[in-house]
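# Topology and contacts: notes
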Amino acid sequence: MLEGFLSAGSSATLAAAQLRGDDSEIVHEFDLDPIYDYRARRPPIVFDGDHYRDYDEPRLVITREHDVQGREFLLLSGPEPDFGWEHFVEEVIAVVERENVSLTVGLGAVPMGVPHTRPPMITAHATRPELVDRRNLWEAEITIPSSAQTLLEYRLGQRGHDAIGYVVHVPHYLTQVEYPTAAIALLEAVSVRLGLTFDLAELRAAQPEAIAQIDEQIAEQHGEDVLTGLEQQYDAFARGAARSLLEDDDRLPSGEELASQLERFLAQHRGDDQG
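Residues numbered from 1 in each chain as written. Predicted model: local features only at pLDDT ≥ 70, side-chain atom pairs only at ≥ 80, totals over all residues. Heavy atoms only, no water.

## Regarding the nonpolar core
Ranked by internal contacts, the top residues of the largest apolar core, which has 39 residues, are Met1, Tyr166, Val168, Val170, Leu187 and Phe198. At the level of secondary structure, the elements contributing two or more residues to this core comprise α1 (11-19), β6 (72-79), β7 (104-112), β8 (122-126), β9 (163-171), α4 (180-194), α5 (201-220) and α6 (224-238). With eight residues, α4 is the single largest residue contributor to this core. In terms of nonpolar packing, the next biggest core, distinct from the first, is built from 20 residues, Tyr36, Ile62, Ile93 and Ala163 among them. (Core = buried A, V, L, I, M, F, W, Y, C linked by side-chain atoms within 4.5 Å. Buried < 20%, exposed > 50% of the residue type's maximum accessible area, 1.4 Å probe, protein only. Helix = DSSP H or I, 4+ residues; strand = E, 2+ residues; numbered from the N terminus.)

## As for a nonpolar patch on the surface
Together, Ile45, Phe47, Tyr52 and Tyr55 line one region of the surface with nonpolar side chains, adding up to about 470 Å² of accessible area. If you trace the backbone, Tyr52 turns up in strand β4 (residues 51-53). Assessed through its relative accessible area of 59%, Tyr52 is described here as exposed. (Patch = residues over 30% accessible without salt bridge, like charges linked within 9 Å, V, L, I, M, F, W, Y side chains within 5 Å. Areas by Shrake-Rupley, 256 points an atom, 1.4 Å probe, with all protein chains shown as cover. Salt bridge = Lys/Arg side-chain N within 4 Å of Asp/Glu carboxyl O.)

## Re helix α2 (residues 85-98)
In this model α2 runs 20 Å from its N-terminal to its C-terminal C-alpha over 14 residues, within 8% of the 20 Å that 1.5 Å per residue would give. By the burial criterion, the buried members of α2 are Phe88, Val89, Val92, Ile93, Val95 and Val96. Along the axis of α2, the buried residues cluster in a sector spanning 155°; they form a single face. Tucked into the core, α2 has its buried residues touching β1 (2-3), β2 (25-29), β5 (61-66), β6, β7 and α3 (148-158). (Expected span 1.5 Å × (residues − 1). Arc of directions from axis to C-beta. Contact = heavy atoms within 4.5 Å.)

## Some details on the packing of α4 against α5
At their nearest, the axes of α4 and α5 sit 8 Å apart, and the two run at 145° to each other. Two packed elements cross with a definite hand, and for α4 against α5 that hand is left-handed. Contacts between α4 and α5 involve Pro180, Thr181, Ala183, Ile184, Leu187 and Glu188 from the former and Leu203, Arg204, Ala206, Gln207, Ala210 and Ile211 from the latter. Taken together, the residues of the contact of α4 with α5 break down into eight nonpolar, two polar and two charged. (Axes fitted to C-alpha atoms, helices over the stretch in contact; angles between N-to-C directions. Left-handed = near helix turned anticlockwise from the far one by under 90°. Nonpolar A, V, L, I, M, F, W, Y, C, P; charged D, E, K, R; others polar.)

Spelled out as structure tokens, the structure:
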């Protein structure tokens, strides 16, 4: 789970925090200096009167974790590398081979034209077709920007290692806010696939308040019509309509329309985060 391109709704951050235990053992730590753009993603530090303290040092690590039943798994988490992707991939593959990892699972989240009032959709992918364990409701062949995470899965497949991935579709008006629903969906997918049991109580407890705040802000910004349009599109698609969520632009509200009606909602939450 890498914080960066595939982390809409802060899904990677929320999910990784849920899996990271108090007894985490660092298996491998990456040297971030050559691969992290500090000026583009400046880590926060506290200025306290006349001195600096509490520098939030970014770390990219692989840790040994355990589920609630004590079963072991490795967790790769931290910021997505800005540079040196191929070197990063080689480091990860070296750990995969050293630790005899039988299956690598990547989790991501992308903004899509879906409503928060419906169950989240997940797109599954893998290095071999037989590894895909669920039917994708949304299917298309498209060229997309790559990421360190997608490159890792691609290179693992080239080297004969099994890898799968789950990408949850996050409402694109919630891309920049914490959206527990997406993180829960990803972790549930992993739990089913790997037979691991995770304690999701903290995420589930945060979900109702997050949804209530979203509903409240949409109502304040008179975004009900836009939301209704997304719901109708989602429902038609879920009933088996043979078209992509990215098609039929005249029926799917545009990003500009959503941004216009909900920009104050996003601005308010970004302000809360900064505060």
